[in-house]
Amino acid sequence: APDAVEDRWYVLSLAGQRCGWMHQRVERIAEGFRSVSETEMKVGRMGQGVAIRSRTVFDETARGEPIRAEIRKDSGSAPVTSTWTFTPAGIDIVEEQGGRRATQHRPAPPAGWLPPHAADEFVKHRLASGAKDLRYVTVDPESGPEPVSVESVRSGTADGELDGRHVTLTEWSTKTSLIERPSREFFSADGVLVRSITDLGVGVLESRLGSREAATA
């Protein structure tokens, strides 16, 4: 298996009720880095929940240049798989579902945007430098190829737990162009996201860093 640079599991809760898990892994590959993000959530009421699964694989060079991405979504009907290939001219997208295949070409995001691993490294460097705010542009493959702007402002500190140790976390208010309300994010001193709280309108989604066993129990 490829060397894992990072491997983290998160427990997801919606409106105070546990609803699933998220797994984020970064691997070294020949061209640079591969970011793999997997989420499984059960949404619904009265035990009639629908399991929503997604898996995104994003390859980029060591210099943060995008190469390709594959997104798979499964919500009970036929899974949808999208493959993105990044070229100097933009993004070539192939979408497949139930034997049907569609292709489209989309313009590249504005110059200076950051693929997933490069964005994570940027955040870590800003946090390590003692910055009080940060902003960048990325893409969220699950939401589509449109650029996503991210702005975070440090709002204080909070006590937390990391690997069984009590640690001081920095708290940030993060606004993205995808969600109307800002999120609260809590980072460790080395830039690891330990907890996030997002008001989705239909309920508050919380993610907490944990073990694989805790996340998938």
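(A) A look at the nonpolar core. With 18 residues, the main nonpolar core has Val-123, Leu-127, Leu-134, Tyr-136 and Phe-187 as its most contacted residues. Of all the elements in the fold, those that place two or more residues in this core are β1 (4–14), β2 (17–29), α1 (116–128), β9 (133–140) and β10 (144–162). When near neighbours in sequence (up to four residues on either side) are disregarded, Leu-134 contacts Phe-122, Val-123, Arg-126, Leu-127, Val-150, Glu-151, Ser-152 and Trp-172. Within the second largest apolar cluster, nine residues are counted, among which are Ala-69, Ile-71, Trp-113 and Val-139.

(B) Structural detail: unusual backbone geometry. Even without being a glycine, Ala-15 presents a positive backbone phi close to 55°. Exposure remark for Ala-15: the relative accessible area of 56% places this residue in the exposed category.

(C) Molecular detail of the packing of aromatic side chains. According to the stated counting rule, one finds five aromatic pairs in the structure shown. Between Trp-9 and Trp-21, the ring centres sit 5.4 Å apart and the planes meet at 55°, which makes this aromatic pair tilted. Residue Trp-9 is found in strand β1, and its partner Trp-21 is found in strand β2; the two are separated by 12 residues along the sequence. With a relative accessible area of 10%, Trp-9 lands in the buried category.

(D) Quick look at the pattern of salt bridges. Under the counting rule described, the total for this entry stands at 18 salt bridges. Across the pair Arg-63 and Glu-65 runs a salt bridge, and its minimum N-O distance is 3.0 Å. A salt bridge links Arg-181 to Asp-199; the nearest nitrogen and oxygen atoms lie 3.4 Å apart. Here Arg-181, found in the loop between β11 (165–176) and β12 (183–187), pairs with Asp-199, found in strand β13 (residues 193–199); they are 18 residues apart in sequence, far enough to count as distant.

Procedures and definitions
- Residues numbered from 1 in each chain as written.
- Predicted model: local features only at pLDDT ≥ 70, side-chain atom pairs only at ≥ 80, totals over all residues.
- Heavy atoms only, no water.
- Core = buried A, V, L, I, M, F, W, Y, C linked by side-chain atoms within 4.5 Å.
- Buried < 20%, exposed > 50% of the residue type's maximum accessible area, 1.4 Å probe, protein only.
- Helix = DSSP H or I, 4+ residues; strand = E, 2+ residues; numbered from the N terminus.
- Contact = heavy atoms within 4.5 Å.
- Phe/Tyr/Trp six-rings, centres within 6.5 Å; stacked < 30°, edge-to-face > 60°.
- Salt bridge = Lys/Arg side-chain N within 4 Å of Asp/Glu carboxyl O.

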